[in-house]
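Architecture at a glance
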Amino acid sequence: MQIITELASAGELGALMQIENACFPPTERCTPAMMKARLQQFPEWCLTARRGGSIVGFIHGMSIGQPAVQDAFYYIPALHRPGAPWQCVLGLAVAPAFRGKGAAHSLMKAYAAKARKARKQGIVLACRAEKQAFYEHMGFVCTGISQSRYGGGVWLDMVQRF
């Protein structure tokens, strides 16, 4: 069955939170209130992956001024700047039962297409070292250790320039 990407809606908060909670440890999870705020602040950058009509994954983030992730981006959705040159990914999550079936790649491809259409310079995200190869496979380059300490530990800044 084909993966379809489309904009998320506030009415899908419950489904998004189920996936969020299944994919991230408690220290890295977005709260329901924060997810709702993100859906309200930058709805055009909140996409879902659907298979058979059900949400199986999502990607969301904000437009920022520099190609590096800061902790404040995770906590303050109002830092979104629609005309800023970079698109940041704050979360990419796929339900465990649907991993390895193309949902993450479909989401990133759709997100990148939107970013290119919006004339962004590229996409930036922070990931754990164990996810570095996954993002490099999608065209990202590691630019070093991130300033972000969101949820504790060390993150890597990853950039995909257009």
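My aim in this report is to walk through the structure given alongside it, one point at a time. (Residues numbered from 1 in each chain as written. Predicted model: local features only at pLDDT ≥ 70, side-chain atom pairs only at ≥ 80, totals over all residues. Heavy atoms only, no water.)

What follows covers the pattern of salt bridges. Oppositely charged side chains can form a pair if their charged atoms are brought close together. Counted according to the given criterion, the structure contains three salt bridges. Here Arg50 ties to Glu12 by a salt bridge, and the two come within 2.1 Å at their closest N and O atoms. One end of the pair, Arg50, is in strand β2 (residues 46–51); the other, Glu12, is in the loop between β1 (3–7) and α1 (13–23), and 38 residues separate them in sequence. We note that Arg50, like Glu12, is buried. (Salt bridge = Lys/Arg side-chain N within 4 Å of Asp/Glu carboxyl O. Helix = DSSP H or I, 4+ residues; strand = E, 2+ residues; numbered from the N terminus. Buried < 20%, exposed > 50% of the residue type's maximum accessible area, 1.4 Å probe, protein only.)

Across the seven residues that make up strand β3 (residues 54–60), a large majority, six, are buried. Where β2 and β3 come together, six bridges link them in antiparallel fashion. Bridge assignment links Arg50 to a residue of β3, and that residue is Ile55. The loop that links β2 with its antiparallel partner β3 comprises two residues; one of these, Gly52, has a positive phi angle of about 60°. (Pairing = 2+ DSSP bridges.)

Here the focus is the pairing of strand β7 (residues 122–127). A regular strand places its side chains on the two faces of the sheet in alternate fashion. In terms of burial, β7 is a largely internal element, six of the six residues being buried. Neither face of β7 is open: one carries Gly122, Val124 and Ala126, the other Ile123, Leu125 and Cys127, and all of them are buried. Looking at chain direction, strand β5 (residues 86–89) and β7 are connected through four bridges and run parallel. Across the sheet, Trp86 pairs through a bridge with Gly122, a residue of β7. Inspection of the sheet shows β7 paired to strand β9 (residues 156–161) by six bridges, in the antiparallel sense. Residue pairing across strands places Ala126 opposite Asp157, the latter belonging to β9.

Moving on to the environment of Leu39. Tracing the sequence through the fold places Leu39 in helix α2 (residues 32–41). Given a relative accessible area of 8%, Leu39 falls into the buried group. Along the sequence, Leu39 and Gly61 sit 22 residues apart, while their C-alpha atoms lie 9.5 Å from each other. Contacts of Leu39, omitting those with residues within four sequence positions, involve Ala8, Ser9, Ala10, Leu13, Leu16 and Cys46. (Contact = heavy atoms within 4.5 Å.)

For the rest of this paragraph, the subject is the side chain of Glu20. Its place among the elements puts Glu20 in helix α1. Ignoring sequence-local partners within four residues, the contact set of Glu20 consists of Glu28, Arg29, Cys30, Met35 and Phe58.

Excluding glycine, residues mostly carry a negative phi; peptide bonds, for their part, are mostly trans. Non-glycine residue Arg119 carries a positive phi angle of around 60°. Here Arg119 falls in the exposed class, since its relative accessible area comes to 75%.

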